[in-house]
Amino acid sequence: MAVPKISSPHIPLTLPFSKKEVVIRHLLLREYKAFLSSANSQHLGTLTKTVLDVIKSCVIEPENFSLKSIPSFEAEYLFLNIYGASVPDGLSVSYRCVRPVMKPEFIEDEYGHVHPTGEEIEQECGFKTDLNISLKDVELTTIPEQVVQLNNEIVLKLKFPSMEDYYALAEDLSVEINEDEQAEISDEQVEQQDVTNKLSALLFKCVDSIWVNDEKWEEEFTQEEFAQWISSMPITVVQRLMQFPQEIPQLKYSKDFICEGCGHKHHVDIIGLQSFLK
């Protein structure tokens, strides 16, 4: 016998950077289970793929919404709001106070009984505080400058990569590393090549346009050609460029609270999607 369909609440949401307006719905049970499974796997590629799938399913409007049209940090903001609205008790993280305090000392006798010594020793407070996160107070870290003056003639305009860009990049680099391992390249060489490939490939994803003497460069170029172009630049210029991928905004939530265990006032900054989901 058919059962009645239960509709999921729809929630309007404005994205913090692009200012695009979307409508999201709550997670379904099967989607929530898929997320928990991928989160427990501790495999970043699997988790990213699940987050992408959840967002695609839970964004109701606009119908033609594409994750390629928003930067990765807005995709994370979308997912955080979908997840936070779906879990019964809302979002929360646990913070353990590590402030040193004086506590009574205890010793164990030969019979396994514990007795106080009458002395005090310095120990961590250890009190755990559950911090409830207000989604409306989640912000972005500083937005970096997106225009880089390479010299007197050439300007590079940069964009923020999408979450799909990151996922595709991770998959491509995984294949490259596996091929290197099969070719019996040393672990150190593989690690160095991995870092170089990641930075070059990620920076290529960040290129919006090149301008020469105030005119847009119209000729297309490949990732390999871009990497060769980068390798021909002065080190100081390359260092400026490489800072951009490292400064891409992240989600941030700040909270002041007083530890009930020792009375100390704490300030906590929760930064990055994974920190919110611990």
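Here's what I pulled together on the structure shown here.

Conventions used here
Residues numbered from 1 in each chain as written. Predicted model: local features only at pLDDT ≥ 70, side-chain atom pairs only at ≥ 80, totals over all residues. Heavy atoms only, no water. Helix = DSSP H or I, 4+ residues; strand = E, 2+ residues; numbered from the N terminus. Buried < 20%, exposed > 50% of the residue type's maximum accessible area, 1.4 Å probe, protein only. Contact = heavy atoms within 4.5 Å. Areas by Shrake-Rupley, 256 points an atom, 1.4 Å probe, with all protein chains shown as cover. Pairing = 2+ DSSP bridges. Core = buried A, V, L, I, M, F, W, Y, C linked by side-chain atoms within 4.5 Å. 1 Å grid on protein atoms, 1.4 Å probe; cavity = no way out; pocket = protein on both sides within 12 Å on 5 of 7 lines; lining within 4 Å. Points joined across faces, edges and corners; volume = space filled by probe spheres on them. Nonpolar A, V, L, I, M, F, W, Y, C, P; charged D, E, K, R; others polar. Axes fitted to C-alpha atoms, helices over the stretch in contact; angles between N-to-C directions. Phe/Tyr/Trp six-rings, centres within 6.5 Å; stacked < 30°, edge-to-face > 60°. Lys NZ or Arg CZ within 6 Å of the ring centre and 35° of its normal. Parallel < 35°, antiparallel > 145°, perpendicular 65-115°, else oblique.

## Some thoughts on the overall build of the protein chain
Right, on to step 1. Each helix and strand in the protein chain was counted, giving eight helices and 14 strands.
Right, on to step 2. Expressed as a percentage of its 278 residues, the buried residues of the protein chain come to 35%.
Right, on to step 3. For the protein chain, contacts bridging at least 24 residues in sequence account for 64% of all contacts bridging at least 6.
Right, on to step 4. Per element, the accessible surface of the protein chain, about 17,900 Å² overall, is 49% carbon and sulfur.

## Focus: the sheet that holds strand S14 (residues 265-271)
Right, on to step 1. Within the open sheet, the three strands sit side by side as S8-S13-S14. Their pairing is antiparallel. A single partner strand is all that each edge strand has here, and the edge strands are strand S8 (139-140) and S14.
Right, on to step 2. The pairing of S8 with strand S13 (residues 251-258) spans two bridges and is classified as antiparallel. Note that in S13 the partner of Glu139 across the bridge is Lys252.

## Digging into the nonpolar core
Right, on to step 1. Among the nonpolar cores identified, the biggest contains 58 residues, and Ile55 and Leu78 are the most heavily contacted of them.
Right, on to step 2. Element by element, the count of residues in this core is highest for helix H3 (residues 72-86), at eight residues.
Right, on to step 3. Once you skip the residues sitting within four places of it in the chain, Ile55 turns out to touch Phe65, Leu67, Ala75, Leu78, Phe79 and Ile82.

## Examining the layout of surface pockets
Right, on to step 1. In this model, the second largest pocket occupies a volume close to 250 Å³.
Right, on to step 2. Every residue lining the second largest pocket is counted, 14 residues in all, and those nearest its centre are Phe204, Val207, Asp208, Ser209 and Phe221.
Right, on to step 3. Breaking the lining of the second largest pocket down by element, the ones donating at least two residues are helix H5 (187-206) and strand S11 (207-212).
Right, on to step 4. Residue contributions to the lining of the second largest pocket peak at four residues, all from S11.
Right, on to step 5. Looking at the lining of the second largest pocket residue by residue, the class counts come to five nonpolar, one polar and eight charged.

## Observations regarding the sheet that holds strand S2 (residues 21-25)
Right, on to step 1. Strand order in the open sheet formed by three strands is S1-S2-S3, with antiparallel pairing between adjacent strands. Sheet topology places strand S1 (10-14) and strand S3 (59-61) at the edges, where each strand pairs with a single neighbour. On average, adjacent strands in this sheet sit at an angle of 40° to one another, irrespective of strand direction.
Right, on to step 2. Of the pairings in the sheet, the one linking S2 to S3 comprises two bridges and is antiparallel in character. From the neighbouring strand, Ile24 faces S3, where its bridge partner is Val59.

## What to know about the packing of aromatic side chains
Right, on to step 1. Evaluated as defined, the whole model comprises 13 aromatic pairs.
Right, on to step 2. Put simply, the rings of Phe17, Phe73, Phe160 and Phe244 pair up and form one aromatic cluster.
Right, on to step 3. For the cation-ring pair, Lys157 lies above Trp211, with the distance from its terminal atom to the ring centre recorded as 4.5 Å.

## Brief notes about unusual backbone geometry
Right, on to step 1. Glu61 connects to Pro62 through a cis peptide bond whose omega is 0°.
Right, on to step 2. In this structure, Pro62 sits in the loop between S3 and H3.
Right, on to step 3. At Asn213, a residue that is not glycine, the phi angle is positive and equals roughly 50°.
Right, on to step 4. When you line up the elements, Asn213 lands in the loop between S11 and strand S12 (215-216).
Right, on to step 5. Look at Asp214: it is not a glycine, yet its phi comes out positive at around 70°.
Right, on to step 6. Along the chain, Asp214 turns up in the loop between S11 and S12.
Right, on to step 7. Its relative accessible area of 72% is what places Asp214 among the exposed residues.

## Topic: the packing of helix H2 (residues 44-58) against H3
Right, on to step 1. It is the contact of H2 with H3, at a shortest axis distance of 10 Å, that shows an interaxial angle of 70°. Taken together, the axes of H2 and H3 are roughly perpendicular relative to one another. Here H2 contributes Val51, Val54, Ile55 and Cys58 to the contact with H3, which in turn contributes Ala75, Leu78, Phe79 and Ile82.
Right, on to step 2. Broken down by class, the residue content of the contact of H2 with H3 amounts to eight nonpolar, no polar and no charged.

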